[in-house]
Amino acid sequence: MELHKILSVLEEMAPLSYAEDFDNVGLLVGNPSDTITGVLVCHDALENVIDEAIEKKCNLVVCFHPILFSGIKKITGKNYVERAILKAIKNDIAIYAVHTALDNHKKGVNKIFCDALGLTNTKILVPKANYIKKLVTYTISENAEKLRNALFDAGAGKIGNYEDCSFNSKGIGTYLGNEESNPEIGERFEFVENEEIKIEVTFEKHLESKILKTLFKNHVYEEIAYEIYSLDNLHQNIGLGMVGEFDTALTETDFLKFVKEKMQCGGIRHSAFTGKTVKKVAVLGGSGSFAIKQAIASGADAFLTADLKYHQFYEAEGKLLLADIGHFESERFTKNYIVDYLKEKITNFAIILSEVNTNPVQYF
C-alpha cells in the first residue's frame, strides 16, 4: 500500500487540524509515494524503536509523541533525536506522529483514559476555541434547498449532537450588471430587485476549502455573494481532557489504589485529601496543569494528569484531589487504540504494537 493511502486513514483517526498550534504532527520522515509493507505503532520513535521496526520489517513507524518537535538545523547524530532520524532515513523508514491531533479527538487519548478507568457520561473538559467558522450566503428560493443540502453533505451545519443546522431568512437583493455580466435573473444594465434567501451555516475550519468548492458548484449565480466569519464559540466535541463518572463513589484512598492498578503507575503524587468521596473525575493525558481551574469548575472530585510542579498542587485548594500519575502512564493505552484502529481499516499487511517501553521515568 502506498503511504499516502495510510496517511488518509491516520488523518481520519486524528485530523491534523485538531492539533495544537505548537505541535508537530503528521508525516515527519518519508515520502507519501513510498510503498509501505508493515507498520509499527509506538509511543516514542526512539532509536531502539527504529531498530525494532527494522527487525520486524516495518517501514512505517506511527508514534504518539513526535520525535521531531522543534526545528533542527543539523542532523549529525549528536543526540537521541538525531540518531533516531538518521537511522530511519538510512533504512527508508517513514515516521508519522499523531500527538495532540489525537489528544483533542473525542474518541482519542482522554476517552481511552476514561475507558481504562470505567468512567461513563464523558464530555470534553477544555473545549477547543477558534475552530468554528460561519458561512453566510444569498440565493434565490429555487436554489436554496439544493445549495443548503450540498453544504450539509460537505460537513456544514453540525452543532454538538445535531446536524443539518442552518438559519434561513428572506430579504430583497439588488444588483445591476455591466456589459460583461450574465445575470441569472434580469438583463445587463437592468437594476434588479429580487427576493432572496439568506443561508447561514457553521462549519469546522479545516473544511473551509471544501465548503467553498461546494458553494461555487451548487450556486446558480454568476457572481456569488458570501461572507465567512471566525466565531468565538467553543467546540464541545473537540478539545483537551475529559470528565466522566463512576457508577459508585470511592473513598480517596481506594480511588488512588484503583487508578494505580488500572494505569499501572509506578507511583502517584497527589494533593491533600479533601475528605470527600470520588465519583466525578476529570482526566487529561500528558501535561495537564493548565486545566486545573477547568477541572475544579467542572465539579470533579478528582483530577488525574501528569507533570505537575510543586506549587501547582496548592491550586487544588481543598476543592478536589489533584493527582499526578505520570506522563507515560496517563497515555499508556493510546498506542493500543491506534493499532486496533489501523487493523480495522487496513487488513492487507501487518500492523504491529511495539514491545519497547519508551518511558524515560524510572521508579525506585
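Here is what the cut-offs are and how they apply
- Each chain carries its own residue numbering, running from 1 in the written order of its sequence.
- Only residues with pLDDT of 70 or above have their local features reported here, since the model is predicted, and side-chain atom pairs are shown and tallied only from 80 upward, although totals for entire chains, interfaces and linings are computed over all residues.
- Hydrogen atoms and water are omitted, and side-chain values are computed over all heavy atoms in the structure.
- Secondary structure elements are defined from DSSP: runs of H or I of at least 4 residues count as helices, runs of E of at least 2 residues count as strands, and each element is numbered from the N terminus.
- Here the term buried applies to any residue with accessible area under 20% of the maximum for its type, exposed to any over 50%, and partly exposed to those in between, with areas from a 1.4 Å probe on protein chains only.
- We call two residues in contact when some of their heavy atoms are within 4.5 Å.
- All accessibility values rest on the Shrake-Rupley procedure with a 1.4 Å probe; residue burial counts only the protein chains present in the view.
- His is not counted here, nor are the chain ends, while Lys and Arg score as positive and Asp and Glu score as negative.
- By convention, the charge on Lys lies at NZ, on Arg at CZ, on Asp at CG and on Glu at CD.
- The pairing criterion is simple: DSSP has to find at least two bridges between the two strands.
- Only C-alpha atoms enter the line fits that serve as axes; for helices the fit covers just the stretch in contact. Angles between N-to-C directions range over 0 to 180 degrees.
- Think of a 1 Å grid over the protein atoms and nothing else: a 1.4 Å probe that fits but is trapped marks a cavity, an open set flanked by protein within 12 Å on at least five of seven lines marks a pocket, and residues with an atom within 4 Å of a point count as lining.
- Grid points are joined across faces, edges and corners, and a volume is the space filled by probe spheres set on the points.
- Only Asp, Glu, Lys and Arg are considered charged in this grouping, and only Ala, Val, Leu, Ile, Met, Phe, Trp, Tyr, Cys and Pro are considered nonpolar; every other residue, Gly among them, is considered polar.
- Within 6.5 Å between ring centres, the rings of Phe, Tyr and Trp (the latter by its six-membered ring) count as paired, and their orientation is classed by plane angle as stacked under 30 degrees, edge-to-face over 60, tilted in between.
- For the purposes of this section, nonpolar cores are sets of buried Ala, Val, Leu, Ile, Met, Phe, Trp, Tyr and Cys residues that join through side-chain atoms within 4.5 Å.

Participant: Can you walk me through the overall build of the protein in this structure?
Facilitator: Across its full length, the protein carries 11 helices and 15 strands. For the protein, the proportion of its 364 residues judged to be buried stands at 49%. Across the protein, the fraction of contacts at a sequence separation of at least 24, relative to all contacts at a separation of at least 6, is 72%. In the form shown here, the protein has an accessible surface area of approximately 18,700 Å², with 49% of it arising from carbon and sulfur atoms. When the 40 positive and 51 negative side-chain charges of the protein are each reduced to one mean point, those points stand 7 Å apart.

Participant: What's the story with the sheet that holds strand β6 (residues 132-139) in this structure? I'm lost.
Facilitator: One key point about sheets: their strands pair by backbone hydrogen bonds, in either a parallel or an antiparallel sense. Pairing in this open sheet of 4 strands is antiparallel, and the strands run β7-β8-β6-β9 from one edge to the other. Each having just a single partner strand, β7 (167-176) and β9 (226-230) make up the two edges of the open sheet. For this sheet the average axis-to-axis angle between neighbouring strands, irrespective of direction, equals 25 degrees. Here β7 runs beside strand β8 (residues 191-204); their pairing, made up of 10 bridges, is antiparallel. Directly across from Leu176, in β8, lies its bridge partner Phe191. Of the strands in this sheet, β6, β7 and β8 touch helix α6 (residues 141-153), which is tilted by about 15 degrees from β8.

Participant: So what exactly am I meant to see when it comes to empty space enclosed by the protein here?
Facilitator: Which parts of space are left empty comes out when a probe the size of a water molecule is rolled across the atoms. Under the definition given, this model contains 1 cavity of 30 Å³ or more. When its volume is computed, the largest cavity comes out at roughly 30 Å³. Residue lining of the largest cavity: Val109, Ile112, Phe113, Met263, Ser330, Glu331, Arg332, Phe333 and Thr334, and that is the complete set. Here the lining of the largest cavity gets 3 residues from one element, more than from any other, and that element is helix α5 (residues 109-117). In terms of residue class, the lining of the largest cavity is made up of 5 nonpolar, 2 polar and 2 charged.

Participant: Honestly, the pairing of strand β10 (residues 235-250) in this entry has me stumped. Any pointers?
Facilitator: The side chains of a regular strand alternate between both faces of the sheet. Where strand β5 (residues 120-128) meets β10, 6 bridges bridge the pair, whose relative direction is antiparallel. Along β10, the bridge assignment pairs Val126 with Leu240. The pairing of β10 with strand β12 (residues 278-287) spans 5 bridges and is antiparallel. The residue of β12 that forms the bridge with Met242 is Val283.

Participant: For this particular structure, what's the right way to read the packing of aromatic side chains?
Facilitator: Between two aromatic rings, the relevant description is the distance of the centres plus the angle of the planes. Going through the model one piece at a time under the given rule, you end up with 7 aromatic pairs. With a centroid separation of 5.7 Å and 70 degrees between ring planes, the pair formed by Phe216 and Tyr226 is classed as edge-to-face. With a gap of 10 residues between them, Phe216 in helix α7 (residues 208-218) and Tyr226 in strand β9 connect regions that are remote in the sequence. Looking at Phe216, the relative accessible area reads 44%, which means it is partly exposed. Pairing Phe246 with Phe255 gives two aromatic rings, centres 6.0 Å apart and planes at 70 degrees, and the pair type is edge-to-face. An aromatic cluster of at least three residues, connected via ring pairs, comprises Phe246, Phe255 and Phe258.

Participant: Would you mind going over unusual backbone geometry with me for this structure?
Facilitator: Leaving glycine aside, a negative phi is the common case for residues, and trans is the common case for peptide bonds. Of note in this structure, His99 is not a glycine but carries a positive phi near 35 degrees. Mapped onto the secondary structure, His99 falls in helix α4 (residues 99-103). For Asp164, which is not glycine, the phi dihedral falls at a positive 60 degrees.

Participant: Just to check I follow, could you spell out the sheet that holds strand β14 (residues 321-324) for this structure?
Facilitator: Strand order in the open sheet formed by 6 strands is β5-β10-β12-β13-β14-β11, with mixed pairing between adjacent strands. Because the sheet does not close on itself, it has two edges, and the strands there are β5 and β11 (269-270). With respect to the sheet, α5 is in contact with β5, β10, β12 and β13 (302-306), its orientation differing from that of β12 by roughly 140 degrees. Contacts between helix α8 (residues 252-262) and the sheet are confined to β10, β11, β12, β13 and β14, with β10 contributing the most and set at about 120 degrees to the helix.

Participant: Mind showing me how you'd approach the nonpolar core here?
Facilitator: Core analysis: the biggest nonpolar cluster contains 28 residues, and Val39, Leu60 and Leu342 have the highest contact counts within it. At the level of elements, α1 (3-13), β2 (38-44), β3 (60-65), β4 (94-97), α4 and α11 (334-345) are the ones that each hand at least two residues to this core. Examining the composition of this core, we find that 6 residues originate from one element, α1, more than from any other.

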